[in-house]
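# Tertiary structure, described
Residue strings, one per chain:
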Amino acid sequence: MSEFEAPQQAATIEALRREIAEAYDEELELEIEEERLAGLVPPPEGTALDLDRRLYFRELLRLQHELVRLQDWVQTEKLKVVVLFEGRDSAGKGGVIKRITQRLNPRVCRVAALPAPSERERGQWYFQRYVSHLPTGGEMVLFDRSWYNRAGVERVMGFCSEADVEEFFRSVPEFERMLVRSGIVLVKYWFSITDAEQAHRFEMRIRDPLKQWKLSPMDVESRRRWESYTRAKEDMLARTHIDEAPWWVVDAVDKRRARLNCISHLLEQVPYGTVEHPPVHLPERVRNPDYVRGPVPAEMYVPARY
């Protein structure tokens, strides 16, 4: 290596190191934010100690690497994967979904988080608006709440009749069996937290101006109806836990452990292998001697305040 090439290679390696470190900063920022929130309100008595941060990061990055391998396999083999995330408000579903999708291609792995149904959708077959979000070959879809809204929120809050709920329970096993027969891999998770832990998380949101938007009037009302939600959940799990699409319960009181446990389990539900990719070689850049780059007016630049 010449005396001119060595400094250039060192600069390239340092630039790559900074780029990788910056990619990991996002996860560190999320963790720092959660620690700030935890400092606003003392945790409930008897809460287990958080997982060691170094171990957590090491395992999360390892599992995210496996998720990338799974993504490649799903895309190459044209698999269709659907994962449902259900649970009480503030149970940690969003945090797990964020870690799953964090390093994946959004064109392969996407999130479906449907708003309240429109007037037109309320007149449709109940499952119709969910069907349009199902994957095609080579896609994974993560439902942040799903058709099980009918057995949970809608039932408890009185947005549907008991006759609607009974029809749902009659239909959903057959609906899910149809999905599985069509070749869809269907995985269903229920995130379980205690009464005290939900109260703690709600209290943190109330006290934090950056998170108050996450506490909706529906969330507040759900605290009053804790027991009603419990009865609805128990009925739902008992009547929709089928061989073709069983429920998996995630103990979500400890957020870090819940994320690692859920991702690790998800990876076991879809057998996958290594996809060999051809090596990538950057072509030589074309340089045209007659091209002169024009200056950018100074007033167009964003002020450099940092």
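Our subject is the structure that appears above.
These notes cover the structure that comes with them. (Residues numbered from 1 in each chain as written. Predicted model: local features only at pLDDT ≥ 70, side-chain atom pairs only at ≥ 80, totals over all residues. Heavy atoms only, no water.)

A few words on the packing of helix α3 (residues 93-101) against helix α11 (residues 255-269). Where α3 meets α11, the closest approach of the two axes is 10 Å, and the angle between their N-to-C directions is 55°. On the basis of the axis angle, α3 is oblique to α11. With respect to the hand of their crossing, α3 and α11 are arranged in right-handed fashion. Mapping the contact onto sequence places Gly 95, Val 96, Arg 99 and Ile 100 in α3 and Arg 259, Cys 262, Ile 263 and Leu 266 in α11. (Axes fitted to C-alpha atoms, helices over the stretch in contact; angles between N-to-C directions. Helix = DSSP H or I, 4+ residues; strand = E, 2+ residues; numbered from the N terminus. Parallel < 35°, antiparallel > 145°, perpendicular 65-115°, else oblique. Left-handed = near helix turned anticlockwise from the far one by under 90°. Contact = heavy atoms within 4.5 Å.)

Under the counting rule described, the total for this entry stands at 22 salt bridges. Here Arg 122 ties to Glu 119 by a salt bridge, and the two come within 2.8 Å at their closest N and O atoms. You can see Arg 122 and its partner Glu 119 sitting in helix α4 (residues 119-122), 3 residues apart, about one turn around the helix. You can call Arg 122 exposed: its relative accessible area is 52%. The exposure class of Glu 119 is exposed, given its relative accessible area of 60%. Linked by salt bridges that have partners in common, Arg 155, Glu 162, Glu 166, Asp 235 and Arg 239 make up one network. (Salt bridge = Lys/Arg side-chain N within 4 Å of Asp/Glu carboxyl O. Buried < 20%, exposed > 50% of the residue type's maximum accessible area, 1.4 Å probe, protein only.)

The next thing to look at is unusual backbone geometry. The backbone of Lys 78 sits at a positive phi, close to 60°, despite the residue not being glycine. You can see Lys 78 is positioned in the loop between α2 (53-77) and β1 (80-87). You can call Lys 78 exposed: its relative accessible area is 55%. Even without being glycine, Ser 90 reaches a positive phi, approximately 70°. Here Ser 90 is to be found in the loop between β1 and α3.

The next point concerns the sheet that holds strand β3 (residues 139-144). In spatial order, the strands read β2-β3-β1-β4-β5; together these 5 strands make up an open sheet with parallel pairing. Where the open sheet ends on each side, the last strands, each with one partner, are β2 (109-112) and β5 (247-251). Ignoring which end each strand starts from, the neighbouring axes of this sheet average 25° apart. Bridging between β2 and β3 involves 4 bridges; their strand directions are parallel. Of the residues in β3, the one forming a bridge with Arg 110 is Val 141. Docked against the sheet, helix α10 (residues 226-240) engages β4 (184-192) and β5, running at close to 155° with respect to β4. (Pairing = 2+ DSSP bridges.)

Note on placement: Asn 149 falls in the loop between β3 and α6 (153-156). The contact partners of Asn 149, leaving out residues within four places of it in the chain, are Tyr 126, Tyr 130, Glu 154 and Arg 155.

The subject of this paragraph is the nonpolar core. Core analysis: the biggest nonpolar cluster contains 32 residues, and Val 83, Phe 85, Ile 100, Tyr 189 and Phe 191 have the highest contact counts within it. At 7 residues, α2 tops the list of elements feeding residues into this core. Ignoring sequence-local partners within four residues, the contact set of Phe 85 consists of Lys 93, Val 96, Ile 97, Ile 100, Leu 142, Phe 143, Asp 144, Arg 145, Tyr 189, Phe 191 and Cys 262. Formed by 28 residues, the second largest nonpolar core is a distinct cluster that contains Val 141, Phe 143, Phe 169 and Ile 242. (Core = buried A, V, L, I, M, F, W, Y, C linked by side-chain atoms within 4.5 Å.)

Here the focus is α11. Over its 15 residues, α11 extends 21 Å from the first C-alpha to the last, a length consistent with the 21 Å expected when each residue adds 1.5 Å. Taken as a whole, α11 has its buried residues at Arg 256, Ala 258, Arg 259, Leu 260, Cys 262, Ile 263, His 265, Leu 266 and Leu 267. One side-chain oxygen of the residue at the start of α11 lies 3.1 Å from the amide nitrogen of Arg 256, identifying that residue as Asp 254. (Expected span 1.5 Å × (residues − 1). Polar contact = N/O pair within 3.5 Å; in protein donor to acceptor, adjacent residues only side chain to side chain.)

Taken as a whole and assessed by the stated rule, the structure comprises 17 aromatic pairs. With a centroid separation of 5.6 Å and an interplanar angle of 85°, the aromatic rings of Tyr 148 and Phe 168 are classed as edge-to-face. Pair noted here: Tyr 148 is in the loop between β3 and α6 and Phe 168 is in helix α7 (residues 162-181), with a separation of 20 residues, a long-range link. You can call Tyr 148 buried: its relative accessible area is 1%. We classify Phe 168 as buried; its relative accessible area is 3%. An aromatic cluster of three or more residues is present, and its members are Trp 125, Tyr 126, Phe 127, Tyr 130, Phe 143, Trp 147, Tyr 148, Phe 168, Phe 169, Phe 175 and Trp 247. (Phe/Tyr/Trp six-rings, centres within 6.5 Å; stacked < 30°, edge-to-face > 60°.)

The buried fraction of β1 is high, at 7 of 8 residues. As paired strands, β1 and β3 are joined by 6 bridges and run parallel to one another. Looking across to β3, one finds that Val 83 is bridged to Leu 142. Across 8 bridges, the pairing between β1 and β4 is parallel. Paired with Lys 80 across the two strands is Ile 184, which belongs to β4.

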